[in-house]
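# Residue-level structure breakdown
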Amino acid sequence: MAAIDISSVGKIYNGGVRAVSDINLDIRDGEFIVLVGPSGCGKSTLLRMVAGLEAISEGKVKIGDRVVNEVEPADRDIAMVFQNYALYPHMSVRQNLEYGLKNRKTPKAEIDERVAEAARMLEIAQYLDRKPRALSGGQRQRVAMGRAIVRKPAVFLFDEPLSNLDAKLRVSMRGEIKRLQRRLGTTSIYVTHDQLEAMTLADRLVVLNGGKIEQVGAPLDVYHTPASTFVASFIGSPAMNLVKGEIHGDRLAIGPGLLSLAGFAPASGAVTVGLRAEDMRLVPAGDNSLPFKVEYAEELGSQRLVHGLIGDQPVTVAVSSEAELASELHLSIDPSRLHFFDAENGKRLAGKAPAATAAPVAGKIQPVA
Amino acid sequence: MYRTRFSDHLVLILGALFLCTPVVVAFMTSTHTAADIHMNGLSLSWGGHFVETYEKVLTQKGGFTGEITGARMVMNSLILGIGFALGKIVLSMMAAYAIVYFRFPMATLSFWVIFTTLLLPLEVRIMPSYQVMSDLGLLNSYTGLIVPLLASATGTFYFRQFFKSVPEELLEAARIDGAGPFKFFIDILIPISRTMIAAIFIIMFVYGWNQYLWPMLMTTDERFFTLMRGIKSILQVWVGSQIPDYNEAFALAVLAMLPPVAIVVIFQSWFIKGLTESDK
C-alpha cells in the first residue's frame, strides 16, 4: 500500500516528440485512479513511466516516500496487468504466478500459499496446471491479474486490461476488478480509452488530452461539470451535444430556437452550449423550445436515440421508446442542466448552477421541510 | 469438397518415385559384390551380401594407416554435425539477442555487417581461414574442424526475426517480475524459441554433416576423417587391375544418409512449426 505522487512529469521521446507534459497528480493510498483519453493522449506513456518501463524525462514520481525515477521496475513494488495479458506461453498457470516470487527468492512454502490464495480469489484453481494457450480470454485475464496479486505489490497498474475481451465478459470482469481492488485496498492506476469503464471503475477520473490533464475528479463530478468541451464530448454516452449558441441578456439563442435561462446565464455573446441527450424533453411547440428536425432514430430497447438537427447543428436526443416521433419535434431543457463553454478555448464557463445541484442522487431521501 | 482424382495421385507417385528411386538403387546395389556391380552396373534386385558389406564398411580398418573404420568416420561426422549445429545455434542466438534487445551504438550497422557476410560463403575465405587455423596449430583437431564455421549470418537472421515477433509485453512483464537480462534469456526466450531452435538445428546439422571441402583441408590425419571423405577415398583406389569397392562406397553413402534422414523425420513437426509460425 502506498500513495503515489506525480509532480511535473513529462515525457519527451528521442527526436523531440513530446508525449506527456507537466502532469501533477496526487494519488491517495488505496485509491482507484483511471486515466482516460483518446488514443495518443499519453495515458499509457504516463502509466509506463510510473511502472518504470519508460524513462521519465521531466519531473518526479514518488511511490510511498521514495522517488522512483531511477529505480528498476522490479524494485518499485508494483505489478502490472497488460492488454494482451503477456503470460509466459511455455509456463503453466502455476509457473506464471510463481515466476515473480521465485525471482525474489520468496520461500517455497509462502509461494505455494500465495498462489493458492490468489487462485481461490480468482477461481482459477482448476486451471493451475494448464498452459495459457489452453485458456479462454477471460481466464487468461484472470491469470494475468493473479500474477499481479500474488506479488502483494504497493501499486497495481492496469494497461487497458479488458480491451481484448468481448463486450459481455468485459462488463463482468469490470465488476470483478472493482471488487478485488476494494477487497485488497491496493492503490491502482488503470488506463482505458473506454469512458464507460472509466466511469464505473474510478474513485477519481483523470481525463487526458494531448499529453495534458484536462480534468481530475470523481466520475459524477466530471460527468456533471465537465471542465472543457473535450471532457464534455468524451465522457458520457451518447456524447454531450455541443452546439453554437448566443446569449442575449437572459435568453439563449440556438439556431432558430430561443430558451429562457432563468438567471443561469454565465456570460453574454457567443458561447458553446452543451446539452446532454438525456436532459432534453419533448414538448409541444411553443415559446421556450427548440425546433428539432428528426433525421433517424436508433432503438436501444430501454430508450431511443433520435438524431436530428437544431437549425443546422446536429443533436442527439434520448427519449423513451414509447414517445411518438414526428419529422419535426420541439425540445426543452431545464436551464440548470445546460453547460456553457467558452466559444474560443472550450473552457467551462461557471454558470450559476453549482455541481451539487446538478443531479439529485436517486434514492436519497430529502428532508421534509 | 475437393475429391482427389487419379491424376493427383499420379503426380504424387511420380514425384515420390523420382525422389526415392536413386536411394533404393544405391541401397540395393550396395548389397551386391563389387565384381557383380562392375559387370552388371546398378541394380534394383537384392544382392544378398548386405551383412558382409555393411559389417566390413563399419568395422574393417582401412585407409593409409589402417586405423580408420567406418564407425569412426560416422562418429567424426556426428561430432562435426552436432558440434556445428549446436555451436551455430548458441552463437547466433546470443548475437540476435544482443541486436534485438540491447541499445548499443551501431547496433543496426552490426546487424547489416553480419547480414552481408551471407554473401561471402566459406569458399571465398577458405585460404585465410586455413592460414589462421594453421598458425593456431589447430589443424587435425575437432576445434579446428568446427569453430571457424560457427559464425552464422543465416542463424542470426532467423533468430532476429523470431525475437522481433515476440511481443514486447513479455519482456516488460519479465522485467516487472524481476528477471534481468540473463534470466529473461534463459527462462523466457530460449523456451519460447524451441521450435525455431529445432528448425535451425536440422538445417545446420545437415549442412555440417555434408561439409566436404573444409574437413578435407583441415584434416590430414585419418583419425579425423569424416564419412564424406571416406566415400571418396574408397573410389580413389583404382590402381592397376583392382576394381574399386563400389559396394562399400554405396554402403557408406547409404549410411551417410541415415542420420540426416533420422533427424528430419524425428523433428519434422517442430521443423515445420518453427519455420512457419511464431508460437505465441
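This paragraph deals with the overall build of chain B. Each helix and strand counted, chain B has 14 helices and zero strands in total. Along chain B, from the amino end to the carboxyl end, the secondary structure elements read α-α-α-α-α-α-α-α-α-α-α-α-α-α. Seen through its principal axes, chain B has C-alpha atoms that stretch 75 × 65 × 30 Å. For chain B, the proportion of its 280 residues judged to be buried stands at 33%. Partitioning the intrachain contacts of chain B with sequence separation of at least 6 by distance along the chain shows that 71% fall at a separation of at least 24.

This part takes up the pairing of strand β7 (residues 155–159) of chain A. Residues and elements named next belong to chain A. Counting buried residues in β7 gives five out of five residues, a clear majority hidden from the surface. Side-chain alternation along β7 places Val 155, Leu 157 and Asp 159 on one buried face and Phe 156 and Phe 158 on a second face that is also buried. Across four bridges, strand β6 (residues 78–81) lies against β7 in parallel orientation. Bridged to Val 81 within β7 is Phe 158. Bridge analysis of β7 against strand β8 (residues 187–192) gives five bridges, and the strand direction is parallel. Across the sheet, residue Asp 159 finds its bridge partner in β8, namely Val 191. Crossover handedness for the path β7 to helix α5 (residues 167–184) to β8: right-handed.

The next point concerns helix α8 (residues 153–165) of chain B. With 13 residues, α8 of chain B should reach 18 Å at 1.5 Å per residue; the first-to-last C-alpha distance of 18 Å fits that figure. Those residues of α8 of chain B lying buried are Gly 155, Thr 156, Tyr 158, Phe 159, Arg 160, Phe 162 and Phe 163 of chain B.

With that out of the way, let us pick up the sheet that holds strand β20 (residues 339–342) of chain A. The strands making up a sheet are joined through hydrogen bonds of the backbone, oriented either antiparallel or parallel. All names here are of chain A. Strand order in the open sheet formed by five strands is β13-β12-β11-β14-β20, and the pairing between neighbours is antiparallel. Of all strands in the sheet, those bounded by a partner on one side alone are β13 (257–260) and β20. Strand after strand, the sheet turns through a mean of 40° between neighbouring axes, direction not considered. Strand direction decides the pairing type here: strand β12 (residues 251–254) and β13, joined by four bridges, are antiparallel. Bridging across to β13, Arg 251 finds its partner in Ser 260.

All names here are of chain A. Reading across the sheet, the four strands line up as β2-β1-β4-β5 and stay open at both edges, with antiparallel pairing between neighbours. Strands at the two margins of the open sheet, each flanked by one partner only, are β2 (18–27) and β5 (66–67). Taken together, the five bridges between strand β1 (residues 4–12) and strand β4 (residues 58–63) define a ladder with antiparallel strand orientation. Along β4, the bridge assignment pairs Ile 4 with Ile 63.

Basis of the calculations
- Residues numbered from 1 in each chain as written.
- Chains lettered and ligands numbered in written order.
- Predicted model: local features only at pLDDT ≥ 70, side-chain atom pairs only at ≥ 80, totals over all residues.
- Helix = DSSP H or I, 4+ residues; strand = E, 2+ residues; numbered from the N terminus.
- Buried ≥ 20, exposed ≤ 12 C-beta atoms within 10 Å, placed from the backbone.
- Contact = placed C-beta atoms within 7 Å.
- Pairing = 2+ DSSP bridges.
- Right-handed = clockwise from strand over helix to strand, strands pointing away.
- Expected span 1.5 Å × (residues − 1).
- Axes fitted to C-alpha atoms, helices over the stretch in contact; angles between N-to-C directions.

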